[in-house]
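Residues per chain are reported as follows:
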Amino acid sequence: MNGDEQCWSCEEPARPPAALNVRLRREEGGGVTLIVYRKARIRVPLCVRCRKAWRPALRARMLLIWSLALGSTLVPTAFITGWLMTSDYDPGAVFPIASAVGGAIGVLAVAVGLPAYRAKDRHPEGLRHPHSHPDVVALTDSGFGILN
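Given the structure is predicted, the values throughout are model-derived calculations rather than measurements.

Trainee: Before we go on, may I ask you to explain the layout of surface pockets in this structure?
Mentor: Rolling a probe over the atoms, with the probe sized like a water molecule, indicates the empty space that remains. Reported here for the largest pocket is a volume of approximately 160 Å³. Lining the largest pocket we find Leu20, Arg51, Trp54, Arg55, Leu58, Arg59, Met62, His131 and Asn148. Top element by residues in the lining of the largest pocket is helix α1 (residues 48-85). It accounts for six residues. When grouped by side-chain class, the residues that make up the lining of the largest pocket number four nonpolar, two polar and three charged.

The following block contains the structure:
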């Protein structure tokens, strides 16, 4: 055990392999044409028990982000593709298929995202969230967004 560090969540001795690397990013830049991302990584010390306790909530957050991003990108793309492929010579054959594909993608994104949205708020009782670490809070207060 590492006697120098304490677990952020429960204040027991931390284990270095169980630490959580919180990735953050902030947009900086010079106008519309050039966007520069500044990245940061904060190591939050955790014990093995707390790392296992936080795994479902942190995994659900990532799953939610991915399902929303893919759903909000693919559904409109399917509808627009169907509309663009519809011509005067072939009325109504492609658009219903593309609409069905877009609807199926939307239903799948909601089916994955809704349980993830509910699970992300289930925090283990009596433990501090890794994202509430002072170094993470300082960066989020200065405009950084958490990526994981």
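Further notes follow.
Trainee: What is the right way to read the side chain of arginine 26 from this model?
Mentor: Checked against the element boundaries, arginine 26 lands in strand β1 (residues 20-30). Residue contacts for arginine 26: discarding those within four places in its chain leaves Val36, Tyr37, Arg38, Ser142, Gly143 and Phe144.

Trainee: Looking at this structure, I do not really get the pattern of salt bridges. What am I missing?
Mentor: Should the charged atoms of two oppositely charged side chains come close, the side chains can pair. According to the stated counting rule, one finds four salt bridges in the structure shown. Here glutamate 11 ties to arginine 128 by a salt bridge, and the two come within 3.2 Å at their closest N and O atoms. Here the residue glutamate 11 occupies a position in the segment before β1, and arginine 128 occupies one in the loop between α2 (94-119) and α3 (134-141), the gap between them amounting to 117 residues. The partner of glutamate 28 in a salt bridge is arginine 26, and the shortest N-O contact between them spans 2.6 Å. Owing to a relative accessible area of 31%, glutamate 28 belongs among the partly exposed residues under this scheme. The class of arginine 26 is buried, set by a relative accessible area of 18%. Residues joined in a network through salt bridges with shared partners are Arg26, Glu28 and Arg38.

Conventions adopted
- Residues numbered from 1 in each chain as written.
- Predicted model: local features only at pLDDT ≥ 70, side-chain atom pairs only at ≥ 80, totals over all residues.
- Heavy atoms only, no water.
- 1 Å grid on protein atoms, 1.4 Å probe; cavity = no way out; pocket = protein on both sides within 12 Å on 5 of 7 lines; lining within 4 Å.
- Points joined across faces, edges and corners; volume = space filled by probe spheres on them.
- Helix = DSSP H or I, 4+ residues; strand = E, 2+ residues; numbered from the N terminus.
- Nonpolar A, V, L, I, M, F, W, Y, C, P; charged D, E, K, R; others polar.
- Contact = heavy atoms within 4.5 Å.
- Salt bridge = Lys/Arg side-chain N within 4 Å of Asp/Glu carboxyl O.
- Buried < 20%, exposed > 50% of the residue type's maximum accessible area, 1.4 Å probe, protein only.

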